[in-house]
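Residues per chain are reported as follows:
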Amino acid sequence: MRLSLNVNGMEHELDVRPTARLIDVLRLQLGLTGVKEGCSEGECGACTVIVDDKAVNSCLVLAAQARGKKVLTVEGLAGDDGLDLLQRMFIEHGAVQCGYCTPGMLMSAKALLMADPHPTEEAIRLALAGNLCRCTGYTTIVAAVRAASEPPAEPATPPPEPDREGGAV
Amino acid sequence: MVGAELLTPGGIQELTAALQRATPSSRLLAGGTDLIRSMHQSHWEPDLLIDLSGVRELDYVRLEDGMLRVGALTTFAELQADPLVRRHARCLAEAAAQVGSAQIRNVATVGGNIANASPCADTVTALVALGAEVRTIDGGGRTTTRPLTQITVGSGRTSLAPDEAIAEVSFAALGADQRTTFAKIGSRSTVTVARLSMALVVDYDADAMTLSGARVALGAVGEAAFRDPRLEELLEGRPANNESARLFAAGCTDAVRRAIPGRYSLPYKQHAAVGLAYNAWNALGLCDRCEPVWG
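Counting from 1, residues in each chain are numbered in the order their sequence is written. Here chains are named by letter from A upward and ligands by number from 1 upward, in the order in which they appear as written. The predicted nature of this model means local features are confined to residues of pLDDT at least 70 and side-chain atom pairs, given and counted, to a pLDDT of 80 or more, with totals for whole chains, interfaces and linings taken over all residues.

Q: Even after reading the chapter, I still don't get the sheet that holds strand β14 (residues 226–227) of chain B, so can you show me in this structure?
A: The strands that make up a sheet pair up through hydrogen bonds in the backbone, lying either parallel or antiparallel. Residue and element names in this part refer to chain B. Here, any two strands with at least 2 DSSP bridges between them count as paired. For the purposes of this entry, the term helix denotes a DSSP run of H or I that reaches at least four residues, the term strand denotes a run of E that reaches at least two, and both are numbered from the N terminus. As summarised here, the arrangement of the four strands in space is β11-β12-β13-β14, forming an open sheet in which the pairing is antiparallel. The open sheet has two edge strands with one neighbour each: β11 (178–185) and β14. Looking at chain direction, β11 and strand β12 (residues 196–205) are connected through eight bridges and run antiparallel. Directly across from Q178, in β12, lies its bridge partner D203. Contacting β11 and β12, helix α11 (residues 266–283) crosses the sheet at an angle of about 145 degrees to β11. A pair of residues counts as a contact when their C-beta atoms, built from backbone coordinates, are within 7 Å of each other. Working convention: axes come from line fits to C-alpha atoms, limited for helices to the stretch in contact. Angles between N-to-C directions cover 0 to 180 degrees.

Here it is as structure tokens:
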């Protein structure tokens, strides 16, 4: 079937199998291999992408169900001026070990920060509960998300910085 | 493999037209978190797949004449956050909040949870305690309403006809003199499938500090979530105190024994029922925190 899909801000006209999962179309037809397949059943979160501002397991939705919606993958996180703040914080905090869970972690964290720019640590852990890291590097991952979401320290700081996160927000 | 045909109705009229073509080998797709996984793992495809996710008019929560009406396509994330649900059916909001991960709650729907008919479906346990009814629509455009417990007839089995789609669940909105909660036990604290779940709705006379009535639903014990009348009678008229909590917990153990006699999981679940009963009891906030006496 014909499918119009908006991925990382670009419109694609695709010919897809009606039952193709979103992950299959993203990886195999669009070459967006930052989307990882782990468990194929919604446990591990490695395949997490953002659909209309919400984190979604791309192994559990059909590509056709994303018709008319905006899909954001890890490849779309960086803006023209470089990596997203979240990505930079992951690097700075050593939140990447083998790296397989990282794209999914980033997308879950990004969806959280889009909805709640200053989440509590509990909210961060809940938002990442559907993303498994088998290297068990959770502490640094949570620290990276905290750093990317840190509210400006109180009165003494200058007015809020302009949006540094490129076009992804 | 012959590829399934996919229909994507954009409204109720297109939905009924699509349903006319449904056969016993067809499937309705809502959030997809159960169906797509099972299709992928079994390499099985239906002859016809009807994607309900475009029928946006089935995504709502409304309070009408004391009834809370929830559209079948309402997601768990929406249920969890909805002010009407939190106020008038808190056990349902709590159940929705404990389903899977954020990713799953963002797409999985209450209608899908019912139609998938898993014995451990969290929102079904809550809806059974709320005494929910389910309105369906079929290929002829006919709507019918029946109790939820007549839809979920067994593990993975429903009374839904191939051309019948769930449109709405509804139940009496809980008032100020009612307390409610949902509790579950799984193999880990979050993103877990219930090994045992419970939803409680009690009528509470705050002046007399007495429970004047109770509805108790148990999930993940046996084929489908159910209410246990003996357990409910046991709570009726009881004062809100530690002794009642103890009786309730013992009653929950008995209810589990009655539900799954001889099942391999019984030794674990009859014990787990005590902890779950105390968790639920304490969450109602009727009296000082009660703790089970183990041993």
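Right, picking up where we left off after that structure.
Q: Whenever I open this one, the interface of chain B and chain A confuses me. Can you help?
A: By a widely used convention, the size of an interface equals the accessible area lost when the partners come together. Across the contact, 24 residues belong to chain B and 24 residues belong to chain A. Breaking the side of chain B that touches chain A down by element, the ones donating at least two residues are β1 (5–7), α2 (35–42), β3 (48–51) and α6 (102–105) of chain B. Counting residues per element, the side of chain B that touches chain A draws most heavily on α2(B), which supplies four residues. Gly falls in the polar group here, along with every residue not listed as nonpolar (Ala, Val, Leu, Ile, Met, Phe, Trp, Tyr, Cys, Pro) or charged (Asp, Glu, Lys, Arg). Within the side of chain B that touches chain A, the residues separate by chemical class into nine nonpolar, 11 polar and four charged.

Q: I keep staring at the domain arrangement of chain A and nothing clicks. Help me out?
A: All names here are of chain A. For each domain, the first and last residues come from an automatic or database assignment. Segmentation of chain A into domains returns domain 1 (2–76) and domain 2 (85–155). Look at where the C-alpha atoms of domain 1 and domain 2 centre, and you get two points 21 Å apart. In this assembly, 15 residues from domain 1 lie in contact with 13 residues from domain 2. Only β3 (48–51) and β4 (54–57) provide two or more residues apiece to the side of domain 1 that touches domain 2. Within the side of domain 1 that touches domain 2, the residues separate by chemical class into eight nonpolar, three polar and four charged.

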